[in-house]
Amino acid sequence: MADTKREVERKYEGPLAGGDPALPDLTRVPGVSGVLDKGVADLDATYYDTADQRLAAASLTLRRRTGGDDAGWHLKLPVSEGVRDEIRAPLSDTVPPSLSALVRSRVREAALVPVVRLRSARDVRHLVDASGALLAEVSVDHVRAERLSGGTGVAEWTEIEVELADDGDPAFLDKVEKKLRKAGLTRSSSKSKLAKALADTDAETDADADSAQVEDAGRAGQKKSAGRKKSAGRKKPADTAPRTAGDHVLAYLRTQRDAIIELDPAVRRDLHDSVHSMRVATRRMRSAFRSYGKVLDRAVTDPIGEELKWLAGELGVGRDQEVLAERLTEALDGLPEALLTGPVRDRLHSWSQARGEGSRRHVIAVLDGSRYLGLLAALDATVDDPPLLKAAAGDPAKVITKAVRKDFAKVSALVDEALGLAPGADRDLAMHEARKKAKRTRYAAEAAVPALGGPAAGLVKSMKSLQSLLGDHQDGVMAREALRDLAGRAHEAGESAFTYGVLYGREERRAAEAEAALPGVWEPIRGGGGI
């Protein structure tokens, strides 16, 4: 069983005192009432990665560690600068499935092998406040690194690590750092112990590396991996700014490909908004394939686009349910008590939970499937060896502008069609189709912003407003369908369906208001959005 700990820490190096960085008197740090000596812990950690260091390239670390009070398997996922989520699992001889699943989008079908062994003597001190509560843990780590694969040699160093207590104020670390800097210490030049170990024990270095950071070590491993043609979702550093239309489109596609891969573990962990964010990335990529069909050969990208549509649909099983449940719950909360009859809240909660739990299991099964891995491989191939057409070498201002205008024309036709229809199912469908095209135009304009600047950014904003209005209308259509279903279930159970009818009526009124507002939103955009 894995558990998660948010880790907020900083590492330091500096002038040596007797061969080690000097640790100043930390009792003078504001808020610190005592420094408790917790003794020395002997830690022995083996870090795992693929032969071409895909985890290291993505700043992920996976280790098996003994010693100390947290022996076990640890997977560290970057959150932001100096912040990582450490996911733990009990000691075992092999990588726990709960952790290997979280790195699957990176590892794919490659084996995880030991790459570095770190043995550390950790001298620990606790900084506590006047009540004895822990503020931060400071350790002086004497480290010996031994390369196990992908290089040779050993390295030794000493560093100081300051880790914030659980739920502590990150500003406290600034106070500690101020004291350490006065003592001559500076932030470590390496992002992690593993990064330093990989750099210091690698017998061969990548000729293109410009620092000893973990990403460079990861890229060096990729280049030395014999016979490998796919990038497995590694970020490709841009050597120069985009110049051609193809450069701009590929930069946008690369960003979406990276987002899908990076969001995989968040979706598996059921983090807030992760499913929605991954779904948006799939839609953006598919839209770019279609919008920029003069840049990329659609004979190649259309089949991949269909797979992206499949993935978005599978992810949407849970997301659509989540949006509906939130909308109905909010509407229910807004009703006076006099309009609440029967166990409406309980039925809505049960309906939402039953569908939500099933959808989560379904999404995990999709991410564990071979079809998903095949899609990731296809995305890598498309980004790394793109099927460029003649227009890809063209002037971005001309090629990209033409593509965006073409999408906008489709939105315009659909909105005008919707406005010409009477309220009802046909208008609902037309507004839904207009929403999908508005979304596609927005994504095309997003890709165009680096090339076209302000006009494209303005169109993104306009399409977002239009999409929001049409999206709320479509959500209302789906909400009314759900309310009919809930009312039918309630009736069969002998419960009052009155409240569902009240909510249905409010959704009808809300839809009418959206339809009435559409001309006012659309008219300022009609001329082409400035492109």
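Residues numbered from 1 in each chain as written. Predicted model: local features only at pLDDT ≥ 70, side-chain atom pairs only at ≥ 80, totals over all residues. Heavy atoms only, no water.

Asks: Before we move on, could you go through the overall build of the protein and cite the residues and values that matter?
Replies: Counting its secondary structure elements, the protein contains 15 helices and eleven strands. Buried positions account for 47% of the 531 residues belonging to the protein. Residue pairs at least 24 apart in sequence account for 72% of intrachain contacts in the protein once pairs closer than 6 positions are excluded. For the protein, the exposed area adds up to about 24,600 Å²; of that, 51% sits on carbon and sulfur atoms. (Helix = DSSP H or I, 4+ residues; strand = E, 2+ residues; numbered from the N terminus. Buried < 20%, exposed > 50% of the residue type's maximum accessible area, 1.4 Å probe, protein only. Contact = heavy atoms within 4.5 Å. Areas by Shrake-Rupley, 256 points an atom, 1.4 Å probe, with all protein chains shown as cover.)

Asks: Now, about helix α11 (residues 370-384): what can you tell me, with residues and values included?
Replies: The terminal C-alpha atoms of α11 lie 21 Å apart, and with 15 residues this matches the ideal 21 Å at 1.5 Å per residue to within 8%. Within α11 the residues assigned to the buried category are Tyr372, Leu373, Leu375, Leu376, Leu379, Asp380, Thr382 and Val383. (Expected span 1.5 Å × (residues − 1).)

Asks: Tell me what's going on with the packing of aromatic side chains, and back it up with residues and numbers.
Replies: Scanning the model with the defined rule gives two aromatic pairs in all. Ring geometry for Tyr48 versus Trp73: centroids 5.1 Å apart, planes at 50 degrees, classification tilted. Linking Tyr48 in strand β4 (residues 34-49) with Trp73 in strand β6 (residues 72-80), this pair joins segments that are 25 residues apart in sequence. Trp73 carries the same exposure label as Tyr48, and that label is buried. Relative to Trp522, the ring of Phe408 has its centre 5.8 Å away and its plane inclined at 25 degrees; by these criteria the two rings are stacked. Of this pair, Phe408 sits in helix α12 (residues 396-419) while Trp522 sits in helix α15 (residues 498-522), and the two are 114 residues apart along the sequence. The same class applies to Phe408 and to Trp522, which are both buried. Between Lys196 and the ring centre of Trp157, over which it is positioned, the NZ or CZ distance is 5.4 Å. (Phe/Tyr/Trp six-rings, centres within 6.5 Å; stacked < 30°, edge-to-face > 60°. Lys NZ or Arg CZ within 6 Å of the ring centre and 35° of its normal.)

Asks: Account for the pairing of strand β1 (residues 3-13), with residues named and values stated.
Replies: Pairing analysis gives six bridges linking β1 to strand β7 (residues 83-89), with the strands arranged antiparallel. Within β7, the residue paired with Arg6 across the bridge is Asp85. Here β1 pairs with strand β10 (residues 154-164) via four bridges, running antiparallel. Each residue of the ladder has a partner; that of Tyr12, found in β10, is Ile160. Bridge analysis of β1 against strand β11 (residues 186-187) gives two bridges, and the strand direction is antiparallel. (Pairing = 2+ DSSP bridges.)

Asks: Kindly report on the side chain of Lys11, identifying the contributing residues and their values.
Replies: Within the element layout of this structure, Lys11 appears in strand β1. Overall, the relative accessible area of 9% leaves Lys11 in the buried class. There is a polar contact of 3.4 Å between the side chain of Lys11 and the side chain of Glu9. (Polar contact = N/O pair within 3.5 Å; in protein donor to acceptor, adjacent residues only side chain to side chain.)

Asks: Tell me about the nonpolar core, and name the residues and values.
Replies: Among the nonpolar cores identified, the biggest contains 65 residues, and Leu253, Tyr292 and Leu466 are the most heavily contacted of them. Among the elements that take part in this core, helix α13 (residues 425-452) stands out by supplying ten residues, more than any other. Those residues in contact with Tyr292 that lie beyond four places of it in its chain are Val249, Ile400, Ala403, Val404, Ala444, Ala447 and Ala448. In terms of nonpolar packing, the next biggest core, distinct from the first, is built from 19 residues, Val8, Leu135, Val162 and Leu164 among them. (Core = buried A, V, L, I, M, F, W, Y, C linked by side-chain atoms within 4.5 Å.)

Asks: Can you explain α15? Please cite residues and give values.
Replies: A turn of α-helix holds 3.6 residues, and therefore any two residues three or four places apart point the same way. The end-to-end C-alpha separation of α15 is 37 Å, in line with the 36 Å expected for 25 residues at 1.5 Å each. At Ala516, α15 shows its strongest bend, of approximately 30 degrees, with the proline Pro519 following within four residues. Of all the positions in α15, only Thr499, Tyr500, Val502, Leu503, Glu507, Ala511, Ala514, Glu515, Leu518 and Trp522 are classed as buried. (Bend = angle between axes of the 7 residues up to and from the residue.)

Asks: Tell me about the packing of α12 against α13, and please be specific about residues and values.
Replies: The interhelical angle for the contact between α12 and α13, taken along N-to-C directions, is 165 degrees, at an axis separation of 8 Å. The orientation of α12 relative to α13 falls into the category roughly antiparallel. Like other packed secondary-structure pairs, α12 and α13 cross with a definite hand, here left-handed. For the contact of α12 with α13, the class distribution of residues is 19 nonpolar, two polar and seven charged. (Axes fitted to C-alpha atoms, helices over the stretch in contact; angles between N-to-C directions. Parallel < 35°, antiparallel > 145°, perpendicular 65-115°, else oblique. Left-handed = near helix turned anticlockwise from the far one by under 90°. Nonpolar A, V, L, I, M, F, W, Y, C, P; charged D, E, K, R; others polar.)

Asks: Outline the environment of Thr152, listing residues and values.
Replies: Within the secondary structure layout, Thr152 lies in the loop between β9 (134-147) and β10. A C-alpha to C-alpha distance of 6.0 Å links Thr152 and Asp202, two positions 50 residues apart in sequence.

Asks: Pulling in residues and values, what's your account of a positive patch on the surface?
Replies: Positive charge collects at one region of the surface, where Arg290, Lys294, Lys309, Lys402, Lys406 and Lys410 lie side by side. Ranked by residues supplied to the positive patch, first place goes to α12 with three residues. Along the chain, Lys406 falls in helix α12. On the basis of relative accessible area, Lys406 is assigned to the exposed category, the value being 53%. (Patch = residues over 30% accessible without salt bridge, like charges linked within 9 Å, V, L, I, M, F, W, Y side chains within 5 Å. Salt bridge = Lys/Arg side-chain N within 4 Å of Asp/Glu carboxyl O. Lys, Arg positive; Asp, Glu negative; His and termini not counted. Charge placed at Lys NZ, Arg CZ, Asp CG, Glu CD.)

Asks: Break down the side chain of His248 for me, citing the residues and quoting the values.
Replies: Assignment of secondary structure puts His248 in helix α7 (residues 245-268). When neighbours within four sequence positions are excluded, His248 is seen to be in contact with Pro242, Pro396, Ile400, Pro450 and Ala451.

Asks: Tell me about the pairing of β9, and please be specific about residues and values.
Replies: Summarising the sheet, strand β8 (residues 113-128) and β9 pair through 13 bridges and their orientation is antiparallel. Bridging from a neighbouring strand, Asp123 pairs with Val140 of β9. The antiparallel hairpin formed by β8 and β9 contains five residues in its connecting segment, where Gly132 sits at a positive phi of about 90 degrees. Where β9 and β10 come together, eleven bridges link them in antiparallel fashion. Residue pairing across strands places Ala145 opposite Ala155, the latter belonging to β10. Counting the residues between successive antiparallel strands, the hairpin from β9 to β10 contains six residues, one of them, Gly150, with a positive phi of roughly 80 degrees.

Asks: Quick one: what's the story with the confidence of the model for the protein, residue by residue and with numbers?
Replies: Across the protein, the average pLDDT comes to 90, with 89% of residues at or above 70. Taken element by element, the predicted model of the protein shows its lowest mean pLDDT in helix α6 (residues 214-224) (38) and its highest in strand β5 (residues 61-66) (98). Below a pLDDT of 50 lies the segment residues 233-238, which in the model reaches 16 contacts outside its immediate sequence neighbourhood of four places, other chains included. (pLDDT = per-residue confidence, 0-100.)

Asks: Can you explain the environment of Ala111? Please cite residues and give values.
Replies: Position of Ala111 relative to the elements: it lies in the loop between α3 (104-107) and β8. Placed 63 residues apart in sequence, Ala111 and Tyr48 show a C-alpha to C-alpha distance of 9.5 Å. In contact with Ala111, other than residues within four places in its own chain, are Asp49, Thr50 and Ala51.

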